[in-house]
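# Overview (structure and organization)
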Amino acid sequence: MNRPSVGNWYPGRPCVAPEHAGHAVVAPSGKFPAGSFQTFRLTYTAGRYGIDDSGSIKVAFRYASDQGKPQFSDPAAPNYTTVTASNGAVLDCRYDVKQNIRPWDQVVYIKVVKNYLSVGDTITITFGDRSGGSPGVRIQTFVEHQFEFRVLVDPIATYQYVLLPEQPTIEIIPGPPSRWVAVLPTLRRVGEVFALKLRADDAWGNPSDQVDQIVHLRPSRPVRNLPDCVVFRPGLASLVVDGLIAEQPGDLTIDLLPGGDEIKREEATSAPSLTTSNLLRVVPPASVDAVHFWGDLHGQSGETIGTNSARAFFRFARDKAFIDAVGHQGNDFQITPEFWTELATLTAEFNENGKYVTLPGYEWSGHTSLGGDRNVFFREEGRPIHRSSHALVMDRSDEHTDCLTAAELFETFRRDAEDVVCFAHVGGRYSDLKVAHDGLIERSVEVHSSWGTFEWILRDAFEMGYRVGVAANSDDHKGRPGASEPGASYFGACGGLTCLIMPELSRAAVFECLRRRRHYATTGSRPFLDVTVLTDHDGLCFADDPAFRQSGGQLSRTLRMGDIASITDAQVTLRVDFASKSPIERIEIRNGLELYELVRPYAPDQLGSRIRVIWSGAEYRGRMRQTNWDGSASLEDNCFADVSPINFFNRDRTLRRAGEKGVAWQSLSAGNFSGFEARLANPLSGKLCLRTRPVECEVAVAKIGYHDTVFEAGGLERRVRLFRLPDDNPHKAFTIERQIPLRRGRDNPLYVCVTTEDGHQAWSSPIYLMVP
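One numbering rule holds for all chains: residues counted from 1, following each sequence as written. Residue-level local features of this predicted model are given only where pLDDT is at least 70; pairs of side-chain atoms are given and counted only at 80 or more, and the full residue set underlies all totals for whole chains, interfaces and linings. Processing note: side-chain calculations cover all non-hydrogen atoms of the structure and skip hydrogens and water entirely.

## Some words on helix α4 (residues 455-464)
Remark: exposure states derive from per-residue accessible area (1.4 Å probe, protein chains only) relative to the maximum for the residue type, with buried under 20%, exposed over 50%, and partly exposed in between. By definition, any uninterrupted DSSP run of H or I lasting at least four residues is a helix, any uninterrupted run of E lasting at least two residues is a strand, and each is numbered from the N terminus. Of all 10 residues making up α4, 7 are buried, and the element is well covered by its neighbours. Of the residues making up α4, those classed as buried are E455, W456, I457, L458, D460, A461 and F462. With its phi angle positive at about 80 degrees, G465 sits one or two positions after the end of α4.

## Concerning the layout of surface pockets
The definitions used throughout rest on a 1 Å grid laid over the protein atoms alone, on which a cavity is an enclosed set of points accommodating a 1.4 Å probe that cannot get out and a pocket is an open set flanked by protein within 12 Å on both sides along at least five of seven lines; lining residues are those having an atom within 4 Å of a point. Grid points are joined across faces, edges and corners, and a volume is the space filled by probe spheres set on the points. Here the largest pocket defines a volume of roughly 1,300 Å³. Along its surface, the largest pocket is lined by 47 residues, and R179, V181, E485, K581 and H760 are the ones closest to its centre. Put simply, the parts of the chain that give the lining of the largest pocket at least two residues each are β15 (179-183), β17 (193-201), β23 (275-276) and β45 (640-646). Looking at the lining of the largest pocket, the element that brings in the most residues is β15, giving 5 residues. The classification used treats Ala, Val, Leu, Ile, Met, Phe, Trp, Tyr, Cys and Pro as nonpolar, Asp, Glu, Lys and Arg as charged, and all other residues, Gly among them, as polar. Considered class by class, the residues forming the lining of the largest pocket number 17 nonpolar, 20 polar and 10 charged.

## Brief notes about the packing of aromatic side chains
Pairing of aromatic side chains requires ring centres within 6.5 Å, counting the rings of Phe and Tyr and the six-membered ring of Trp. Pairs whose planes differ by under 30 degrees are stacked, by over 60 edge-to-face, and all others tilted. In total, this model carries 27 aromatic pairs according to the counting rule given. Here the aromatic rings of W180 and F232 are separated by 5.1 Å at their centres, their planes lie at 80 degrees, and the arrangement is edge-to-face. With a gap of 52 residues between them, W180 in strand β15 and F232 in strand β19 (residues 229-232) connect regions that are remote in the sequence. Neither W180 nor F232 differs from the other in exposure class; each is buried. Here F377 and F423 contribute two aromatic rings whose centre-to-centre distance is 5.1 Å and whose plane-to-plane angle is 70 degrees, an arrangement assigned as edge-to-face. Separated by 46 residues along the polypeptide, F377 in strand β29 (residues 374-378) and F423 in strand β30 (residues 420-424) bring together distant segments of the chain. Relative accessible area serves as the criterion here: at 0%, F377 is assigned to the buried category. Residue placement shows R188 over the ring face of F293; its charged tip is 4.8 Å from the ring centre. Only when the NZ of Lys or the CZ of Arg is both within 6 Å of the ring centre and within 35 degrees of the ring normal is a charge said to sit over the ring.

## A short note on the nonpolar core
The nonpolar core is taken to be a set of buried Ala, Val, Leu, Ile, Met, Phe, Trp, Tyr and Cys residues, with the residues joined through side-chain atoms within 4.5 Å. In terms of nonpolar packing, the biggest core is built from 62 residues, with Y362, V376, F413 and L769 touching the most fellow members. Counting residues in hydrophobic clusters, the runner-up holds 36 residues, among them L42, I110, F127 and V153.

## Concerning the sheet that holds strand β53 (residues 716-726)
An order of β45-β49-β42-β53-β52 is seen for the 5 strands of this open sheet, with the pairing classed as antiparallel. Since the sheet does not close on itself, it has two edges, and those belong to β45 and β52 (709-712), each with one partner. With direction set aside, neighbouring strand axes in the sheet form an average angle of 15 degrees. With 6 bridges connecting them, β45 and strand β49 (residues 673-680) associate as antiparallel partners. Any two strands with at least two DSSP-identified bridges between them are counted as paired. Axis lines are fitted to C-alpha atoms, over the contacting stretch for helices. Their N-to-C directions set the angle, which ranges from 0 to 180 degrees.

## Description of the pattern of salt bridges
Within this document, salt bridges are pairs made up of a side-chain nitrogen of Lys or Arg and a carboxyl oxygen of Asp or Glu, the two lying within 4 Å of each other. On inspection of all chains with the given rule, the structure shows 56 salt bridges. Between R379 and D419 there is a salt bridge, with the nearest N and O atoms lying 2.4 Å from each other. Of this pair, R379 sits in the loop between β29 and α3 (406-415) while D419 sits in the loop between α3 and β30, placing them 40 residues apart in sequence. Across the pair E677 and R612 runs a salt bridge whose closest N-O atoms are separated by 2.9 Å. Residue E677 is located in strand β49, and its partner R612 is located in strand β42 (residues 607-618); the two are separated by 65 residues in the primary sequence. Each member of the pair, E677 together with R612, is buried.

## Structural notes on the pairing of strand β12 (residues 150-154)
Consecutive side chains along a regular strand alternate between the two faces of the sheet. Counting buried residues along β12, 5 of its 5 residues qualify, which places the element largely inside the surrounding structure. Along β12, one buried face is formed by R150, L152 and D154 and the opposite face, lined by V151 and V153, is buried too. Bridge count for β12 against strand β13 (residues 162-163) is 2 bridges, and the pairing is antiparallel. Within β13, the residue paired with L152 across the bridge is L163.

## Things to note about the environment of M394
Counting through the fold element by element, M394 comes out in the loop between β29 and α3. Given the relative accessible area of 28%, M394 is considered partly exposed. Sequence separation between M394 and F333 is 61 residues, and the spatial gap between their C-alpha atoms is 9.9 Å.

## Examining helix α2 (residues 337-350)
The first and last C-alpha atoms of α2 sit 20 Å apart over 14 residues, in line with the 20 Å expected at 1.5 Å per residue. Every buried residue of α2 is listed here: F339, W340, L343, L346, T347 and F350. Taken around the axis of α2, the buried residues stretch over an arc of 125 degrees, which confines them to a single face. Of the exposed residues in α2, the ones pointing more than 90 degrees away from its buried face are E338 and T341. Between the first and last residue of a helix there are one fewer steps than residues, each counted as 1.5 Å, and that sum is the expected span. Arc definition: it is the arc formed by the directions from the helix axis to the C-beta atoms.

Honestly, it's all geometry; don't read function into it.
Printed below as a string of structure tokens:
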């Protein structure tokens, strides 16, 4: 029998026959809304061997699941769990987040400590026992077609577990709609056909199929073929309005308005908007040679550490997340030869140039001392997989192809002339560019994902003199590539997206885009961003980093994102064009490790009664990087007129008012930022007192102004910032042109980081200027 990952069970070792180990059932069964509170009774019936004194069972759940953690001490609290044996045997019970083989890490462990079980005796586990006042167990917040209670048994008390041949399962489904999502492309030419794509997510970010509503569409400028309304009916999780054409240049958004059969679009204009689409920049046909497409190139499915099948993964990205390009990046040490073949079949099947691009690849998953995680992308299917290990792959027939270090991986790709691109990834086993890097293979670094925000990896590249692009992806584990939200787990952020600037949507164009670093990264939003450098004299522009391969360049005076150029000018003109559906908070112009200028689209004399309190940073670079910012704020001699949260993604960790003068919260950061915005009753009176675990401070309200007031908190760039905003910030589009003096004898990586008021950020890939 060949079971590659079934708990603590290995082929060839002595083990009781699974069919004699007993059986388990769960009640109730059926379908349950994601994130809801429920009660489940799992009953295990002992098989032929019974369970010996000190024998045990495990009920295991997937690593990715964010269900409530079972607890055994407080009958009135959520997730209260009870365990009983039918014959009165004494049981020792505990929950451990990691006491089983990946991906079934989470375990309820039940040990018989007095007496034993005979054949037919039962152990009953009640998850969410409500008899003492508990609301039940909160089931995981994301959809899973077959959520499994995986039962393993050690009947002989050898700590040798056998997996039951049949496992109890339930189905987790979306809840009712809570918020609407409307997606347009970001850059198109006048006369080009485009689509508006719509869905309504439940409270936890799952596309809901329970929508029953007519939705009116209100464009900000004329759009040919746009209907007055669209109709959602139950069973429909997304809707595409195709064949749209903009006939004039300009910025376009589309509002979604609630309506009924009797309401026309013009009559619905006074109704509050359900949502507004992202912004579409429409330009004259001859003005650009490339347009924008959106990708999430990094996620996993249930065959490795994620959720649901790989086929469902590709469908979700295309049909519900509305992204143009996707990459499946399973951990290499879990990808069996059979699954590698299946992935190749799926990427070939789903890839459709002009509509949807899939990239073959995997995540090389060596730990940090060996170089750390790398995303590997191939241009074509059929490439060999060079694993970091065969840790969970029982078939070792191709073990000789393993690359145990990142340096060995890069050397192998060079030696075999693989048509391959790598990204440096920060997850559990974060990449260390100072251990290994090859500029011909590793073209970009991932500065944001569901794990958090990691600008430090880009700074590492600058310190080492490497020339890399900037990408962001989700590393989704929840079956939602392209629309990944953290739910209630330790993932600290929404998944990122990478905007690919290309002449067409094809795999060849995506690959060339990645090789040229012609892209920008976001924390999940879809703004328009263009960054160019203009020189007075011709510069020699290289596609490949000349530090790793000498090749001929092309002369140019216009340089774009990702370009590497040798120039003679002492200064250059930097142009930045940004547009978003959310007002712009700030634009940082950076030259490598230095902040050249912080640009705000408003002036100091425009500030009003709005202030922001922002906390950010991480404990350290590794897996358990999250910083706890639980705390409170209070005003003396002033009141909060209104308070709203910023980047509070976890519904279990909320911001709440404490009277007119106070606010309290539970919040985590993982390199990204959270906080709150407050409108003050009196713009300048009183004092703000802030209490968090890392920082305690008091600030006179009158001193909160145009520039950040910063309190450092140690760790990895942990800090609190306070600043003031205008009462109304109308600046959703902004163009900057600056003359930037260059440093001689070293690289000048020019790029921007933009922050918008909705809490999102965007980073351009640097333009690398070499000045002798």
